[in-house]
Protein chains: 2
Amino acid sequence: MQELPLSKVYQLLEPGPVVLLTTADKGRANVMTMSWHMMVEFEPPLVACVVSGNDYSYAALRATGECVIAVPAVELATLVVQVGNSSGSKIDKFDAFALTPLPAQRVAAPLIAECFANLECKVTDTDLVNKYNLFVLEVVKAWIDPAQINPKTIHHHGYGRFVVDGEMITLDSKMR
Amino acid sequence: MQELPLSKVYQLLEPGPVVLLTTADKGRANVMTMSWHMMVEFEPPLVACVVSGNDYSYAALRATGECVIAVPAVELATLVVQVGNSSGSKIDKFDAFALTPLPAQRVAAPLIAECFANLECKVTDTDLVNKYNLFVLEVVKAWIDPAQINPKTIHHHGYGRFVVDGEMITLDSKMR
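Reading the values: the criteria
- Residues numbered from 1 in each chain as written.
- Chains lettered and ligands numbered in written order.
- Predicted model: local features only at pLDDT ≥ 70, side-chain atom pairs only at ≥ 80, totals over all residues.
- Heavy atoms only, no water.
- UniProt positions renumbered as here; feature names shortened; annotations may be inferred.
- Helix = DSSP H or I, 4+ residues; strand = E, 2+ residues; numbered from the N terminus.
- Contact = heavy atoms within 4.5 Å.
- Buried area = accessible area lost by both parts, 1.4 Å probe.
- Salt bridge = Lys/Arg side-chain N within 4 Å of Asp/Glu carboxyl O.
- Polar contact = N/O pair within 3.5 Å; in protein donor to acceptor, adjacent residues only side chain to side chain.
- Nonpolar A, V, L, I, M, F, W, Y, C, P; charged D, E, K, R; others polar.
- Pairing = 2+ DSSP bridges.
- 1 Å grid on protein atoms, 1.4 Å probe; cavity = no way out; pocket = protein on both sides within 12 Å on 5 of 7 lines; lining within 4 Å.
- Points joined across faces, edges and corners; volume = space filled by probe spheres on them.
- Axes fitted to C-alpha atoms, helices over the stretch in contact; angles between N-to-C directions.

Chemist: Explain the UniProt feature "domain: Flavin reductase like" (unreviewed entry) in chain A here, please?
Modeler: The feature "domain: Flavin reductase like" (unreviewed entry), as annotated in UniProt, sits at residues 12-161 of chain A in this numbering. Helix makes up 18% of residues 12-161 of chain A and strand 39%, and the two end C-alpha atoms of the span are 21 Å apart.

Chemist: Explanation requested: the interface of chain A and chain B in the structure shown.
Modeler: Interface size is commonly expressed as the accessible area that is lost once the parts come together. On the side of chain B, 54 residues touch chain A, which itself brings 54 residues to the contact. Carbon and sulfur atoms make up 63% of the area that chain A and chain B hide from each other, which totals about 5,200 Å². For the chain A face of the interface with chain B, the top three residues by lost area are Trp36, Met38 and Met175 of chain A, together amounting to 14%. Our count for the chain A to chain B interface comes out at 4 salt bridges. Residues Asp125 of chain B and Lys131 of chain A are paired through a salt bridge, measuring 2.8 Å at the closest nitrogen-oxygen approach. Linking chain A to chain B there are 29 residue pairs in polar contact (both at pLDDT 80 or more). Counting residues per element, the side of chain A that touches chain B draws most heavily on strand E12 (residues 161-170) of chain A, which supplies 10 residues. Its residues assigned to classes, the side of chain A that touches chain B shows 26 nonpolar, 17 polar and 11 charged. As paired strands, E12 of chain A and strand E12 (residues 161-170) of chain B are joined by 7 bridges and run antiparallel to one another. Within E12 of chain B, the residue paired with Arg161 of chain A across the bridge is Thr170 of chain B.

Chemist: Honestly, empty space enclosed by the protein in this entry has me stumped. Any pointers?
Modeler: Where empty space is left can be seen by rolling a probe of water-molecule size over the atoms. Enumeration over the complete set of coordinates arrives at 1 cavity of 30 Å³ or more. Here the largest cavity is characterised by a volume of approximately 80 Å³. Lining the largest cavity are 16 residues, and of these Leu13, Glu14, Gly16 and His37 of chain A together with His37 of chain B lie nearest its centre. Listed by contribution, the elements that provide at least two residues to the lining of the largest cavity are strand E4 (37-41) of chain A together with strand E4 (37-41) of chain B.

Chemist: How should the sheet that holds E12 of chain B be read in this particular structure?
Modeler: Within a beta sheet, neighbouring strands are joined by backbone hydrogen bonds and run either parallel or antiparallel to one another. The strand order E11(A)-E12(A)-E12(B)-E11(B) describes an open sheet built from 4 strands, whose pairing is antiparallel. Only two strands of the sheet have a single partner each, and these edge strands are strand E11 (154-156) of chain A together with strand E11 (154-156) of chain B. Across the sheet, the mean angle separating the axes of adjacent strands is 40° when strand polarity is ignored. Alignment of E11 of chain A against E12 of chain A, held across 3 bridges, turns out to be antiparallel. Bridging across to E12 of chain A, His155 of chain A finds its partner in Val163 of chain A.

Written out as structure tokens, the structure is:
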């Protein structure tokens, strides 16, 4: 993994890919699948996300205030669904799905070696957690796997239907 | 436009498409381009979004508490960038870009005839507006254009680079 400048993090999440979210509580790592996230600020990068109280990861996220957002390419799509269909309350998902945890630098939650990007995050605002399970995270360190060239992400349309990234077009824009 | 059940709204926004957001204040309609949004609840559909204080639409959204999220297909990509590159403080964007406003049913902000989906929204929570310009919207009415078959959306990667929807894959999932 190679370090990614924090100023570029929004370019990974703004397009709305399905991501994995890892936590580690009392030495036990877990991972869930997530699609409800958005950028809130460019730099330092702030990300809002919804982690339901029904998700086993919720308690770990609340207790530790730390997580990693890992971005999988389409080659991991089947695995991403399996992670979403199972609960860390019953199995060790890293073990069950042969995901490789890597130590992060600023948080206890692990990076995922198979993902092309990993974002180390700290919970920075819990004001809307009770109402909406909405957490605001600050990305404090970002990593990218330079060996994965032009990774294609997936976007969930409900009930296991995913659109895969197609062509990239470039238009003359003043937008960041 | 044909009515879309509110229970299906998340299937449009969860994949992270670039959208247009319309407002109408004192009889004057405006439209901006937006990528920072996410689902917060399935039904009634709640959507969080960030509308910067620098956006001309911000004042209208605060004053009226209403907007429409319109989802454009890739054929509108050039226009979407033009909308994002200009300000309603200087021009009438509906006129300048030949967008067709249609009356909404529950809000004063207009639908956009050229978009394949239109979501009428009311601001339901402003608790995080001062801190992050983060609005929570409730979708109160949703419309889809049945004439646009399998529309492909676009996803922004920064500086005018957009990924266009590619193939749709279906995996065996227990996730809604």
